[in-house]
Amino acid sequence: MKRIAMVDLKSQYEKIKPEIDQAIQEVIESTAFINGPAVKNFQKDLEAYLGVKHVIPCANGTDALQVAMMALGLQPGDEVITTNFTFIATAEVIALLGFTPVVVDVDPDTFNISPESVRKSITPKTRAIVPVHLFGQCADMDAMMEIAREFNLFVIEDACQAIGADYIFADGSRKKAGTIGHVGCTSFFPSKNLGCYGDGGAIFTNDDELAKQLNVVVNHGMVVRYYHDYVGVNSRLDSIQAAVLKVKLARLDDYAAARNKAAEYYDQAFRNHPNLKTPARFDRSTHVFHQYTLVTEGIDRNALQDFLAKKEVPAMIYYPVPLHMQKAYLDPRYKEGDFPVTEHLCRTVISLPMHTELDEEQLEYITSSVLEFFAS
Ligand SMILES: *Cc1c(COP(=O)(O)O)cnc(C)c1O
């Protein structure tokens, strides 16, 4: 059996090696390393794939979130609501820019931001909501957009884990994750669903004016060359990464299908297990399974993780600590027990290997290893 990895980028690369190598070689030959044609080509492909008017490439997903918040003109002291159960980057940029992160609890089944909790947290200072489409499934965007209209707020989608997922509106129409709010953000970190071979990110919007401002902010706040109207940043997707991404974007839907196949295998194996809750599917979203995350019950999930490690099955805890309990983000407004769903998930979740190259032999070994833990 092939060694099991949490994410197997090597096997994936081997299948597309000639195309990737040629794409990289072409950039090197052209020496157009920064903002070369490869960046423009990928940008156009991604706009077409997402059905969005503007894709602004940038250096990583964290920058995408930061640039989005800068371009929207939020001011220090503004409150930005986000989910308590996410990767730190979401809250980090809010704090870094001098805004106030307001964290809210999540839905126990989908792990995504709870619309009721968002409503309860709105104050006269609230300016934006950042829903995170966690683990590859969209948050309730009908509810987010409705709340945003009612209170005149911006919606910044963190689609770092959900590129390619479809949101299905109440009327049955569909839009891609990240293209529903005022602005959407994604990451091309290697292990993300559309990963490059280094760092990368992008920002999406259908708003022409906002797109202009996003392009200005990523480029040193420069409107006319060497005239700087705003304080900006330097955040670019380099040409080699764009060339890699163009090759992989053409396969993104196949990659999502492979991830779903693995997820269904896991579902089948753990169905009706008294100690394991398989991931719920939200009826308003397709799932692209950035992670396959089980909620455990009545066991020590760290003991399960150790047991699996001994059998050379990697498993990870995403995420062990809620934002409001992180040392850097401790806030007198919050204490342990304030976010019961998030806190429960942080104590009980475990994510199994999930990537595009899992074969049946590996899936059989992983699932039987998990089940063996309960027999031992
Ligand atoms: C990965 C990730 C980010 C940050 O992306 P980077 O490219 O690593 O900066 C932000 N938010 C979420 C939810 C992520 O998973």
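Here, the structure is the one placed above.
Residues numbered from 1 in each chain as written. Predicted model: local features only at pLDDT ≥ 70, side-chain atom pairs only at ≥ 80, totals over all residues. Heavy atoms only, no water.

Pairing is mixed in the open sheet, where seven strands are placed in the order 1-9-8-5-4-2-3. A strand with exactly one partner marks an edge of an open sheet, and here the two such strands are strand 1 (54-58) and strand 3 (100-104). In this sheet, adjacent strand axes meet at a mean angle of 25° when their direction is disregarded. Across three bridges, strand 5 (residues 154-158) lies against strand 8 (residues 183-187) in parallel orientation. Counted as the bridge partner of D158 is C185 from strand 8. Along the sheet, helix 7 (residues 208-218) makes contact with strand 1, strand 8 and strand 9 (201-205), crossing strand 1 at roughly 15°. (Pairing = 2+ DSSP bridges. Helix = DSSP H or I, 4+ residues; strand = E, 2+ residues; numbered from the N terminus. Axes fitted to C-alpha atoms, helices over the stretch in contact; angles between N-to-C directions. Contact = heavy atoms within 4.5 Å.)

A cluster of nonpolar side chains, contributed by V223, V224, Y226, Y227 and Y230, occupies part of the molecular surface with about 590 Å² of accessible area. Summarising the element assignment, Y226 is placed in the loop between strand 10 (222-224) and strand 11 (227-228). By relative accessible area, which is 62% here, Y226 ends up exposed. (Patch = residues over 30% accessible without salt bridge, like charges linked within 9 Å, V, L, I, M, F, W, Y side chains within 5 Å. Areas by Shrake-Rupley, 256 points an atom, 1.4 Å probe, with all protein chains shown as cover. Salt bridge = Lys/Arg side-chain N within 4 Å of Asp/Glu carboxyl O. Buried < 20%, exposed > 50% of the residue type's maximum accessible area, 1.4 Å probe, protein only.)

Attention now goes to the nonpolar core. Formed by 36 residues in total, the largest nonpolar core has its most connected members in F85, Y266, F270, Y292, L308 and L352. Elements that contribute at least two residues to this core include exactly helix 9 (252-270), strand 13 (292-296), helix 10 (301-310), helix 11 (340-348), strand 14 (349-352) and helix 12 (360-375). Split by domain, the residues of this core number at least three in each of domain 1 (9-105 + 113-249) and domain 2 (252-375). Sequence-distant contacts of L352, that is, excluding residues within four places in its chain, are made with M6, Y266, F270, Y292, L294, L308, I366 and V370. Within the second largest apolar cluster, 32 residues are counted, among which are A91, V103, V118 and F169. (Core = buried A, V, L, I, M, F, W, Y, C linked by side-chain atoms within 4.5 Å. Domains from an automatic or database assignment.)

Here we take up the packing of aromatic side chains. All told, the structure shown has 16 aromatic pairs when counted by the stated rule. Ring geometry for F85 versus F111: centroids 6.2 Å apart, planes at 75°, classification edge-to-face. Residue F85 is located in the loop between strand 2 (79-83) and helix 4 (89-96), and its partner F111 is located in the loop between strand 3 and helix 5 (115-121); the two are separated by 26 residues in the primary sequence. The structure contains a cluster of three or more aromatic residues connected by ring pairs, namely F85, F87, F111, F135, Y318 and Y319. (Phe/Tyr/Trp six-rings, centres within 6.5 Å; stacked < 30°, edge-to-face > 60°.)

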